[in-house]
Amino acid sequence: MIAADPAVYNACDSNMGATLHMQHRTWPHPRIICHRGGGTLAPENTLAGIRKAAELGFGGVEFDVMLSADKIPVLIHDETLERTTDGRGSVAATAYARLACLDAGAWFDPAYRGERVPTLEQAAKTCVELGLWANVEIKPARGFERETASVAAKLVAELWAGTPPKPLLSSFHRTCLEAARAAAPEFELGYLTDRIERSWRESAQQLGCMSVHCNSEYLIEAQAHDVKRAGYWLLCYTVNDTDLARRLFSWGVDAIFTDRLDLFPPDFA
């Protein structure tokens, strides 16, 4: 895929000047966010990964949430179990009692054998205990978009009630963001996209999002400036190169998601 040409992007954006800008607010959260918990240093989407991030001094983690067959929000990225556990089949078709017995660590390293698939409740309590800010990505199985977002957002509101810092809820799915806003209107929403498309501002505004999260591979400087001028926070994934990170920060990017916790010290930004 080829990144957009800055000249073309500017031309396409020239008619958007009349759009109301949001009031700009300084990004209040960590600028280096640990992708899927511990990045490459621990099995993804596990409590061990979250603890690894805290152990290394990081202040923020990102993880994915999906529903089990009995509607328990759990931390997992794929719709199937094979890649990150010793189980088989669909997450959405597997009851939590079964998920809780699976090994979610041995695939990564024998030292993590016995690490389990955590629930959102377990992850939230761990973040609160360790003082970590969280980006909760709503990652629904196909056909469960609205239900996943509604259940997860309601639980987030309960688990973080009166306990700062409040997490940010994000998703690639418009339906998820709509449902999350309805279920937990007091929480900030992040508009997740691969590329900054022409209609990004209209979509983010309609969904009530405060931040835009995009693939660092396709972002160009003109787009970064446009997002920031409009008053949105801008986050980039997945940044595993320090030179790229410096360039993105120079463009005004507020935070990055990284797997390489070994390359980025917590105070890198």
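Residues numbered from 1 in each chain as written. Predicted model: local features only at pLDDT ≥ 70, side-chain atom pairs only at ≥ 80, totals over all residues. Heavy atoms only, no water.

**Comments concerning the nonpolar core**
The nonpolar side chains of a soluble globular protein tend to be buried, and buried together.
Working step 1: Counting residues in hydrophobic clusters, the biggest one holds 59 residues, and the most contacted among them are Phe 63, Trp 200, Leu 219, Leu 248 and Ile 256.
Working step 2: With six residues, the top contributor of residues to this core is helix α5 (residues 145–159).
Working step 3: With near-sequence residues (within four places) excluded, Ile 256 lies in contact with Arg 31, Ile 32, Ile 33, Cys 236, Val 239, Ala 245, Leu 248, Phe 249 and Phe 264.
Working step 4: In terms of nonpolar packing, the next biggest core, distinct from the first, is built from twelve residues, Leu 81, Tyr 96, Val 117 and Ala 141 among them. (Core = buried A, V, L, I, M, F, W, Y, C linked by side-chain atoms within 4.5 Å. Buried < 20%, exposed > 50% of the residue type's maximum accessible area, 1.4 Å probe, protein only. Helix = DSSP H or I, 4+ residues; strand = E, 2+ residues; numbered from the N terminus. Contact = heavy atoms within 4.5 Å.)

**Let's talk about the side chain of Ser 68**
Working step 1: Of note, Ser 68 is situated in the loop between β2 (60–67) and β3 (73–75).
Working step 2: Judged by relative accessible area, which is 1%, Ser 68 ranks as buried.
Working step 3: In this view, Ser 68 contacts Val 91, Ala 92, Thr 94, Ala 95, Tyr 96 and Leu 99; residues no more than four positions away in its chain are not counted.

**Here's the deal with the confidence of the model for the chain**
Working step 1: On average, residues of the chain carry a pLDDT of 93, and 91% of them reach 70 or more.
Working step 2: Confidence, read as mean pLDDT per element, is least for helix α1 (residues 6–13) in the chain (42) and greatest for β3 (99). (pLDDT = per-residue confidence, 0-100.)

**A look at the packing of α5 against helix α6 (residues 174–183)**
Working step 1: Following both chains from N to C, one finds α5 and α6 inclined at 35°, their axes separated by 8 Å at the closest point. Relative to α6, α5 is oriented so that their crossing is right-handed. Contact with α5, carried on its side by Glu 145, Arg 146, Ala 149, Ser 150, Ala 153 and Lys 154, involves Thr 175, Cys 176, Glu 178, Ala 179, Ala 180 and Ala 183 of α6 and no other residues of that element.
Working step 2: Taken together, the residues that form the contact of α5 with α6 break down as six nonpolar, two polar and four charged. (Axes fitted to C-alpha atoms, helices over the stretch in contact; angles between N-to-C directions. Left-handed = near helix turned anticlockwise from the far one by under 90°. Nonpolar A, V, L, I, M, F, W, Y, C, P; charged D, E, K, R; others polar.)

**Quick word on the packing of α6 against helix α7 (residues 200–207)**
Working step 1: Closest axis-to-axis distance for the α6/α7 pair is 10 Å, and the angle between their directions is 30°. Comparing the axis directions of α6 and α7 gives the class roughly parallel. Listed contacts from α7 to Arg 174, Leu 177, Glu 178 and Arg 181 of α6 are Ser 203, Gln 206 and Leu 207.
Working step 2: Counted by class, the contact of α6 with α7 contains two nonpolar, two polar and three charged residues. (Parallel < 35°, antiparallel > 145°, perpendicular 65-115°, else oblique.)

**Re the pairing of strand β5 (residues 168–171)**
Working step 1: What you see with β5 is no split at all: Leu 168 and Ser 170 on one side and Leu 169 and Ser 171 on the other are buried throughout.
Working step 2: Sheet topology places strand β4 (residues 133–138) next to β5; three bridges connect them, and they run parallel. Across the sheet, the residue bridging to Asn 135 is Leu 168, located in β5.
Working step 3: With α5 bridging β4 and the parallel β5, this β-α-β connection has right-handed handedness. (Pairing = 2+ DSSP bridges. Right-handed = clockwise from strand over helix to strand, strands pointing away.)

**Focus: helix α9 (residues 242–250)**
Working step 1: Turning to α9, its buried residues are Leu 244, Ala 245, Leu 248 and Phe 249. Mapping the buried residues of α9 onto a view down its axis gives an arc of 135°, with all of them on the same face. In α9, the exposed residues that point more than 90 degrees away from the buried face are Asp 243 and Ser 250.
Working step 2: Residues of α9 that are buried in the fold lie against β1 (32–34), β8 (233–237) and β9 (255–258).
Working step 3: Between a side-chain oxygen at the N-terminus of α9 and the backbone nitrogen of Asp 243 the separation is 3.1 Å; the capping residue is Asp 241.
Working step 4: The first or second residue beyond α9 is Gly 252, which carries a positive phi of 105°. (Arc of directions from axis to C-beta. Polar contact = N/O pair within 3.5 Å; in protein donor to acceptor, adjacent residues only side chain to side chain.)

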